[in-house]
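Each chain, letter by letter, is given below.
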Amino acid sequence: MTPVDPCPIADRQVCQATRDLSRAVLRRLSVTAAGIESRIKTIVATQAGCPGEYALWRLHGDDGRLLLQFDLLKKPGTVWGALAGDVSFLGRLANLRTHPPGYFYVHPLPDPRDVAIPLPSNPRGLAPRTIGPLQ
């Protein structure tokens, strides 16, 4: 049984193209993250200054443990630039108001400014700790 597409019939081709682009960005994001730190399985980002711009906030392993938390008042180092760019791009592609969580591989968190992106190499999906307060 195929899942029900949430897009109106008139928008299905655009939604499918956007989903395909999101999948490609997610693959590149996974490769970039694995090149920096192979234990990264979930990326949590928060909206930065401009609407649609996201800043890296927390990186989690597949067991939900926090691997790294960024200081949101400082720019991350140059090694994180490509990762931050892809996170922002993926966040802008995801229209979470009209599509269910995960349709564009981005999941909203309780704070509407925050999103989580589980990487495809994460067999467990969103770690429970990414949803709650920091431990």
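All of the points below concern the structure found in this document. It should be emphasised that the depicted structure is a prediction, and the values quoted were computed from it without experimental measurement.

A look at the packing of aromatic side chains
Consideration 1: Counted under the stated rule, the structure contains two aromatic pairs.
Consideration 2: On the basis of an interplanar angle of 85° and a centroid distance of 5.2 Å, the ring pair of Phe70 and Trp80 is categorised as edge-to-face. Residue Phe70 is found in the loop between β3 (66-69) and α2 (81-93), and its partner Trp80 is found in the loop between β3 and α2; the two are separated by ten residues along the sequence. Grouping residues by exposure puts Phe70 and Trp80 together as buried.
Consideration 3: An angle of 85° between the planes, with centres 4.8 Å apart, marks the rings of Tyr103 and Phe104 as edge-to-face. Each member of the pair, Tyr103 as well as Phe104, carries the same accessibility label: buried.
Consideration 4: Seen from the ring of Tyr103, Arg19 lies directly overhead, with NZ or CZ sitting 4.9 Å from the centre.
Consideration 5: Across the ring face of Trp57, the terminal group of Arg58 is positioned such that the distance to the ring centre comes to 4.3 Å.

Definitions and limits used
- Residues numbered from 1 in each chain as written.
- Predicted model: local features only at pLDDT ≥ 70, side-chain atom pairs only at ≥ 80, totals over all residues.
- Heavy atoms only, no water.
- Phe/Tyr/Trp six-rings, centres within 6.5 Å; stacked < 30°, edge-to-face > 60°.
- Helix = DSSP H or I, 4+ residues; strand = E, 2+ residues; numbered from the N terminus.
- Buried < 20%, exposed > 50% of the residue type's maximum accessible area, 1.4 Å probe, protein only.
- Lys NZ or Arg CZ within 6 Å of the ring centre and 35° of its normal.

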